[in-house]
Amino acid sequence: ESRYTHVVHIDPTFSTLLGELYQGPLEEPPWQSFLASVRELLGANLVTLLLRPPSKEEHVVMLADGGSLSAIKSYNEGQFVLDPFVDLPSGQVISLHEYLSEKTLLDSDFYRVIMQPQGWYDFLGLVIRQESQLDVRFRAGRYRGAQPFGESEKTLLRSLMPHLERSIRLQSCISRTERERAVYAGAVEQLLVATIILDEQCRVLSTNATANALLAAGAGISVSGNCLRLADRDADRELRALLDD
């Protein structure tokens, strides 16, 4: 009789990194733990996550760990127009020195205005783009004097790419749900509908402004011991029966 033992090897560092990536949408600002960890693993001086492309009409949503806040602000407020490293093919991890020859880079306004004053020399880029639904740009940067990014750093980003896409989609769904809920709540307020949210024990969880005014008026409805009460006993019993059902 032959017996086979299948051993599953799980890299604890990568597992922790994935946990931080999927926790990211619940953080404020999002993905800060992940960005700090991936910067350390990449041996980078800066990592940034851009959740939509910058434009003259609308500032980019840029999350970052490391680097200079003033430089990031300057990029956000207009220097992005000098950036030649923006039209990367989707789903590929590319270093700046693969994308541009050294002469082209050193002669560019991007190098003279942005990179050289800050001491940057190499960047690693990843773009995830899907029509109008998703436009994500990840960057890692190293200062002049450091080793250029190599294959091991690219392999890490390739491994993270599908998880990064899923995490950002989760964050987008959460944000959309919160926006829809806010719009609905605003519409209810404008309609002057009293809203009282109860649990199954008739305890009050929340009330809106119109409901607070109704309760304060004592118009046959009140809250006692954090429980909703109706002055009419038959109506009160019917309410509790409905809640029980």
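Here is a short report on the structure shown in this document. Keep in mind that what you see is a predicted model, and the values were worked out from it rather than measured.

**Side note on helix 1 (residues 12-23)**
Then, number 1: Its 12 residues place the ends of helix 1 16 Å apart at the C-alpha level, agreeing with the 16 Å of an ideal helix rising 1.5 Å per residue.
Then, number 2: Listing the buried residues of helix 1 in full gives Leu 17, Leu 18 and Leu 21. Take helix 1 and look down its axis: the buried residues cluster within an arc of 100 degrees, on one side only.
Then, number 3: Two to three positions downstream of the cap, the backbone nitrogen of Thr 13 sits 2.9 Å from a side-chain oxygen, assigning the N-cap of helix 1 to Asp 11.

**Let's talk about the packing of helix 1 against helix 2 (residues 32-42)**
Helix packing geometry: the angle between the two helix axes and the distance between the axes.
Then, number 1: At their nearest, the axes of helix 1 and helix 2 sit 8 Å apart, and the two run at 150 degrees to each other. Considering their axes alone, helix 1 and helix 2 lie roughly antiparallel with respect to each other. For helix 1 against helix 2, the interelement crossing comes out left-handed. Between helix 1, through Thr 13, Leu 17, Glu 20 and Leu 21, and helix 2, the contact on the second element is made entirely by Ser 33, Phe 34, Ser 37, Val 38 and Leu 41.

**Overview of the nonpolar core**
One recurring pattern in soluble globular proteins: nonpolar side chains tend to sit buried together.
Then, number 1: Grouped together as the largest cluster of nonpolar side chains are 27 residues, with contacts concentrated most on Val 38, Leu 42, Phe 138 and Leu 160.
Then, number 2: Those elements that place two or more of their residues in this core are helix 1, helix 2, strand 1 (46-50), strand 4 (120-130), strand 5 (134-143) and helix 7 (151-190).
Then, number 3: In terms of residue count, helix 7 provides more of this core than any other element does, six residues in total.
Then, number 4: In contact with Leu 42, not counting residues within four places along its chain, are Val 47, Phe 138, Ala 140, Arg 142, Phe 149, Glu 153, Leu 156 and Leu 157.
Then, number 5: Counting residues in each nonpolar core, the second largest holds 19 residues, with Leu 96, Met 115, Trp 120 and Phe 123 among its members.

**Remarks on the side chain of Asp 65**
Then, number 1: Tracing the chain through its elements places Asp 65 in strand 2 (residues 62-66).
Then, number 2: Taking relative accessible area as the criterion, Asp 65 reaches 16% and is therefore assigned buried.
Then, number 3: Within polar-contact distance, the side chain of Asp 65 engages the side chain of Arg 39 at 2.5 Å.

**Comments concerning the sheet that holds strand 2**
Then, number 1: Pairing within the open sheet is antiparallel, and its five strands lie in the order 2-1-5-4-3. If you trace the sheet from one side to the other, it starts and ends with strand 2 and strand 3 (93-95), each paired once. Here the strands of the sheet are splayed against their neighbours by 15 degrees on average, with no regard to which way each runs.
Then, number 2: Looking at chain direction, strand 1 and strand 2 are connected through five bridges and run antiparallel. Within strand 2, the residue paired with Val 47 across the bridge is Asp 65.
Then, number 3: Against the sheet, helix 2 makes contact with strand 1, strand 2 and strand 5, and its axis sits at roughly 50 degrees relative to strand 2, the strand it touches most.

**Some remarks on the pairing of strand 4**
Then, number 1: Across the 11 residues that make up strand 4, a large majority, eight, are buried.
Then, number 2: Bridging between strand 3 and strand 4 involves three bridges; their strand directions are antiparallel. By the bridge assignment for strand 4, Ser 95 is matched with Leu 124.
Then, number 3: The sheet contact formed by strand 4 and strand 5 spans 10 bridges and is antiparallel. Bridge pairing in strand 5 places Val 127 opposite Arg 137.

**A look at empty space enclosed by the protein**
The gaps left among the atoms become clear once a water-sized probe is rolled over them.
Then, number 1: Scanning all chains against the criterion turns up one cavity of 30 Å³ or more.
Then, number 2: Considering only enclosed or pocket space, the largest cavity measures out at about 40 Å³ in volume.
Then, number 3: Around the largest cavity, the lining residues are Phe 34, Leu 126, Phe 138, Leu 157, Leu 160 and Leu 164.
Then, number 4: With three residues, the single largest contributor to the lining of the largest cavity is helix 7.
Then, number 5: Residue composition of the lining of the largest cavity, grouped by class: six nonpolar, no polar and no charged.

**Here we look at the packing of aromatic side chains**
Then, number 1: Counted by the stated rule, this structure contains two aromatic pairs.
Then, number 2: Note on Trp 120 and Phe 123: the rings are 5.7 Å apart at their centroids and 40 degrees apart in plane angle, and the pair reads as tilted.
Then, number 3: The class of Phe 123 is buried, set by a relative accessible area of 7%.
Then, number 4: Measuring from centroid to centroid gives 4.3 Å for Trp 120 and Tyr 143, while their planes differ by 25 degrees, and the two rings are stacked. Of this pair, Trp 120 sits in strand 4 while Tyr 143 sits in strand 5; the two residues are 23 residues apart in sequence, bridging distant segments of the chain.
Then, number 5: Note on Trp 120: relative accessible area 5%, which makes it buried.
Then, number 6: On the accessibility criterion, Tyr 143 (33% relative accessible area) is partly exposed.
Then, number 7: Through successive ring pairs, a cluster of aromatic residues spans Trp 120, Phe 123 and Tyr 143.
Then, number 8: Taking NZ or CZ as reference, Arg 139 lies 6.0 Å from the ring centre of Phe 123, over its face.

About the criteria used
Residues numbered from 1 in each chain as written. Predicted model: local features only at pLDDT ≥ 70, side-chain atom pairs only at ≥ 80, totals over all residues. Heavy atoms only, no water. Helix = DSSP H or I, 4+ residues; strand = E, 2+ residues; numbered from the N terminus. Expected span 1.5 Å × (residues − 1). Buried < 20%, exposed > 50% of the residue type's maximum accessible area, 1.4 Å probe, protein only. Arc of directions from axis to C-beta. Polar contact = N/O pair within 3.5 Å; in protein donor to acceptor, adjacent residues only side chain to side chain. Axes fitted to C-alpha atoms, helices over the stretch in contact; angles between N-to-C directions. Parallel < 35°, antiparallel > 145°, perpendicular 65-115°, else oblique. Left-handed = near helix turned anticlockwise from the far one by under 90°. Contact = heavy atoms within 4.5 Å. Core = buried A, V, L, I, M, F, W, Y, C linked by side-chain atoms within 4.5 Å. Pairing = 2+ DSSP bridges. 1 Å grid on protein atoms, 1.4 Å probe; cavity = no way out; pocket = protein on both sides within 12 Å on 5 of 7 lines; lining within 4 Å. Points joined across faces, edges and corners; volume = space filled by probe spheres on them. Nonpolar A, V, L, I, M, F, W, Y, C, P; charged D, E, K, R; others polar. Phe/Tyr/Trp six-rings, centres within 6.5 Å; stacked < 30°, edge-to-face > 60°. Lys NZ or Arg CZ within 6 Å of the ring centre and 35° of its normal.

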